[in-house]
Amino acid sequence: EETYHTAKNYALKAMALDETEIDCILALTHVCFVNEWNFAQSRQLIAKAMYLAPGNANVHGWASMMANVDGDLNTALIEAKLSASLDPLSPMTSYVLGVAYLVNEKYDLAIEEFDKTLAQLPYYQQASIMKARCNLELDKFDEAIDLFNSIPIGPERANIHWGALAIAYAKKGELDKVR
């Protein structure tokens, strides 16, 4: 929480110096979207960033994530593919494309993208969680359980994590392992 507050303050100070600086706009977008769930402000920031830098992969990545939240899954997939095409070596564009595939129920393609992300960022928990979720959707319970068990989760996210692990065990029929 304190880290996000600090990031937001620095992004706002930087934007006061230059309101067209894309990295500052995207840093503020991250805080508004991830920490505050302020989707109205996130939309405004993404629109501004898109106007200022229409060829920026990260801008299209955030546009994809916003479209997912809005339920516009086709646009989310288009934006994610565009983001990945603009920066094909970025682990984050692979992650965003994986999320777009996941919400579009293209689980095998999502796993491929999460694997690309994890090849470069092996400790990126969110990519591991999403990959486990895909395996769960594909009824690959052992793979999902192994992934969920390998992810170190802090207390702030434990309920979500253990809930997903419990679902995997329950779907596999191992109710004795459900806590």
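Cut-off values and rules
Residues numbered from 1 in each chain as written. Predicted model: local features only at pLDDT ≥ 70, side-chain atom pairs only at ≥ 80, totals over all residues. Heavy atoms only, no water. Axes fitted to C-alpha atoms, helices over the stretch in contact; angles between N-to-C directions. Helix = DSSP H or I, 4+ residues; strand = E, 2+ residues; numbered from the N terminus. Parallel < 35°, antiparallel > 145°, perpendicular 65-115°, else oblique. Left-handed = near helix turned anticlockwise from the far one by under 90°. Contact = heavy atoms within 4.5 Å. Patch = residues over 30% accessible without salt bridge, like charges linked within 9 Å, V, L, I, M, F, W, Y side chains within 5 Å. Areas by Shrake-Rupley, 256 points an atom, 1.4 Å probe, with all protein chains shown as cover. Salt bridge = Lys/Arg side-chain N within 4 Å of Asp/Glu carboxyl O. Lys, Arg positive; Asp, Glu negative; His and termini not counted. Charge placed at Lys NZ, Arg CZ, Asp CG, Glu CD. Buried < 20%, exposed > 50% of the residue type's maximum accessible area, 1.4 Å probe, protein only. Phe/Tyr/Trp six-rings, centres within 6.5 Å; stacked < 30°, edge-to-face > 60°. Core = buried A, V, L, I, M, F, W, Y, C linked by side-chain atoms within 4.5 Å. Nonpolar A, V, L, I, M, F, W, Y, C, P; charged D, E, K, R; others polar.

A. Representation of the packing of helix α8 (residues 125-137) against helix α9 (residues 141-150) within the structure. Direction vectors running N to C along α8 and α9 enclose 160 degrees, while the axes themselves pass 7 Å from each other. The pairing of α8 with α9 is recorded here as roughly antiparallel in orientation. At the point where α8 passes α9, the crossing takes the left-handed sense. Contact with α8, carried on its side by Ser 128, Ile 129, Lys 131, Ala 132, Arg 133, Asn 135 and Leu 136, involves Phe 141, Glu 143, Ala 144, Leu 147 and Phe 148 of α9 and no other residues of that element.

B. Layout of a negative patch on the surface. A cluster of acidic residues, Asp 18, Glu 19, Glu 21 and Asp 23, forms a negative patch at the surface. By the element assignment, Asp 23 lies in helix α2 (residues 22-35). On the accessibility criterion, Asp 23 (53% relative accessible area) is exposed.

C. Main features of the pattern of salt bridges. Here the structure, examined in full by the defined rule, presents 4 salt bridges. The closest approach of N and O atoms between Asp 70 and Arg 43, which form a salt bridge, is 2.5 Å. With a gap of 27 residues between them, Asp 70 in helix α4 (residues 57-70) and Arg 43 in helix α3 (residues 39-52) connect regions that are remote in the sequence. Two residues, Lys 131 and Asp 115, come together in a salt bridge whose shortest N-O distance is 2.6 Å.

D. A look at the packing of aromatic side chains. Evaluation of the coordinates by the stated rule reveals 5 aromatic pairs. On the basis of an interplanar angle of 65 degrees and a centroid distance of 5.2 Å, the ring pair of Phe 33 and Trp 62 is categorised as edge-to-face. Taken together, the positions of Phe 33 in helix α2 and Trp 62 in helix α4 put the pair 29 residues apart, joining distant regions of the chain. Trp 62 carries the same exposure label as Phe 33, and that label is buried. Seen from their ring centres, Trp 37 and Phe 39 are 6.1 Å apart, and the 25 degrees between their planes marks the pair as stacked. Relative accessible area serves as the criterion here: at 64%, Trp 37 is assigned to the exposed category. Using a relative accessible area of 22% as the deciding quantity, one classes Phe 39 as partly exposed. Each residue in the set Phe 33, Trp 37, Phe 39 and Trp 62 is aromatic and connected to the rest through ring pairs, giving one cluster.

E. Broad picture of the nonpolar core. The biggest cluster of nonpolar side chains holds 36 residues, and the ones touching the most others in it are Ile 22, Tyr 95, Leu 102, Phe 114 and Cys 134. Those residues within four positions of Ile 22 in sequence are excluded, and the remaining contacts are Ala 49, Leu 52, Ala 53, Asn 56 and Val 59. Formed by 11 residues, the second largest nonpolar core is a distinct cluster that contains Leu 136, Ile 145, Leu 147 and Ala 168.

F. Expanded view of the packing of α4 against helix α5 (residues 73-86). At a minimum axis separation of 8 Å, α4 and α5 run at an interaxial angle of 160 degrees. Taken together, the axes of α4 and α5 are roughly antiparallel relative to one another. As for the relative orientation of α4 and α5, their crossing is left-handed in sense. On α5, the residues that touch Ala 57, His 60, Gly 61, Ala 63, Ser 64, Ala 67 and Asn 68 of α4 are Leu 73, Thr 75, Ala 76, Glu 79, Ala 80, Leu 82, Ser 83 and Leu 86. Of the residues contributing to the contact of α4 with α5, the split by class is 8 nonpolar, 6 polar and 1 charged.

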